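Here is how the chains run, residue by residue.
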Amino acid sequence: MSKALSVKKSFDEQILIQIGQPLYNQSLETIQVNVGLKCNQSCEHCHVSSSPKRKEVMDWPVMEKILEVAKETKCKLVDITGGAPELNPNLRKFISALSKQGQKVQVRTNLTVLLEPDQETMIEFFSDNKVKLVASLPCYLQENVDKQRGLGVYLASIEALKRLNKAGYGILPGLILDLVYNPLGSFLPPDQEKLEKTYKKELWEMHKIQFNQLLTITNMSIGRFSSDLRKQSKSNNYKELLENTFNTGTIDRLMCLSQIEVDWDGNLYDCDFNLALRLKVDKQVPQNIKDFDINLLKGRKIVTANHCFGCTAGRGSSCAGALA
Ligand code: SF4
Ligand code: SF4
């Protein structure tokens, strides 16, 4: 007797079943800017495959155009990512100009870059401009961090966190320091609030370190993490885990509904994961920041594929942490 095969639904089919239509963007609250892929680290899980060898870097004319768009759209946040954003030579000029026009700025830092020889004054610069910092620290234990991010990364990260605390980050009201956890393997993040309590307790007891919030992010099966899963023959299991834990409660909070992503060449995407896969925004709308038109980009159809299961699995995941 032949067994009935269970046919798995694609992400697009799941969304259609749940909300009766594809995903459409709703607003432009955040402009996420990827200023280049150069990084001082080469982490195992990196979805954009950054490393010291990457050459992609955003030049000033693209930044100037983003400044214009941020002003015109009055977006709530300019969220700067990379690579290590600090390695873009125009970063300070860009942040100063954004601050001057009253824009709220956030930088995603890997912490260790702040200890590089030419970065001594970066913390002071961030603090002067009230830049919100979102810092990667995938565990409070040395062994786990070094395994995922490289030998010596934990102690360097702790040193950077101490310097940030000393400057008031994570302590003073206007100097926000959030930490990012992502799993050390092919499993979903645990409960964000519970884990935050443990992080706060452990980091305080071990190092007297303080921070504001912990954001848990699900590993996306793209970039270096995807190659790693393939090497360990875990790709299918991880894919099934994400699909089987699809949570409808995450759909109306997906970050692509309220943001746009700009890469170093000005190309537009719905999010950093689509950037990693070079899936630009829907072909019907402007493809590059130089042709930006809010009337065309707001309400655009979101470009989705099966990697999007990473955002809807379990408690959900976004660059701002869990969704549900
Ligand atoms: S995960 Fe972050 S710190 Fe690690 S290589 Fe990628 S961009 Fe650099
Ligand atoms: S991967 Fe990007 S496009 Fe897909 S659901 Fe997540 S945020 Fe939206």
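Numbers given for residues are sequential positions, taken from 1 along each chain in its written order. All chains are assigned letters beginning at A, and all ligands numbers beginning at 1, according to the order in which they are written. At least 70 in pLDDT is required for a residue's local features to be given in this predicted model, at least 80 for side-chain atom pairs to be given and counted, and no such filter applies to totals for whole chains, interfaces and linings, which use all residues.

A. Here's a closer look at the overall build of the chain. Helix and strand labels come from DSSP, where a helix needs a run of H or I of at least four residues and a strand needs a run of E of at least two; each type is numbered from the N terminus. Within the chain one finds twelve helices and eight strands. The reference for a compact globule is 2.2 Å times residues^0.38; the radius of gyration itself is calculated from the C-alpha atoms. Against the globule reference of 20 Å for 324 residues, the chain gives a C-alpha radius of gyration of 19 Å, in line with a compact fold. Counting only C-alpha atoms, the chain reaches 70 × 45 × 35 Å along its principal axes. Out of the 324 residues in the chain, the part that is buried amounts to 44%. For the chain, the proportion of contacts with a sequence separation of at least 24, taken over those separated by at least 6, is 73%. Remark: C-beta atoms are placed from the backbone, and a residue is labelled buried if 20 or more other C-beta atoms sit within 10 Å of its own, exposed if 12 or fewer do, or partly exposed between those counts. The contact criterion used here is simple: two residues whose C-beta atoms, placed from the backbone, lie within 7 Å are in contact.

B. Focus on the nonpolar core. We call a set of buried Ala, Val, Leu, Ile, Met, Phe, Trp, Tyr and Cys residues a nonpolar core when their C-beta atoms link them within 7 Å. In terms of nonpolar packing, the biggest core is built from 86 residues, with Ile31, Ile66, Val78, Leu133, Ala135 and Val180 touching the most fellow members. If you tally residues by element for this core, the top one is helix H6 (residues 153-166), at six residues. With near-sequence residues (within four places) excluded, Ile31 lies in contact with Ile66, Val69, Ala70, Cys75, Val78, Ile260 and Val262.

C. Just the sheet that holds strand S8 (residues 268-269), in detail. Here the rule is simple: two strands pair whenever DSSP picks up at least two bridges between them. The mixed open sheet is built from eight strands, whose spatial order is S6-S5-S4-S3-S2-S1-S7-S8. With one partner strand each, in any of the chains shown, strand S6 (214-216) and S8 form the two edges of the open sheet. As judged from the four bridges shared by strand S3 (residues 105-109) and strand S4 (residues 132-136), these two strands associate in the parallel manner. From the neighbouring strand, Arg108 faces S4, where its bridge partner is Val134. Comment: axis = line fitted to C-alpha atoms, over the contacting stretch for helices; angle = value between 0 and 180 degrees taken between N-to-C directions. Seen against the sheet, helix H7 (residues 192-207) touches strand S5 (177-181) and S6 and runs at an angle of roughly 135 degrees to S6.

Worth remembering: the numbers are spatial, not functional.
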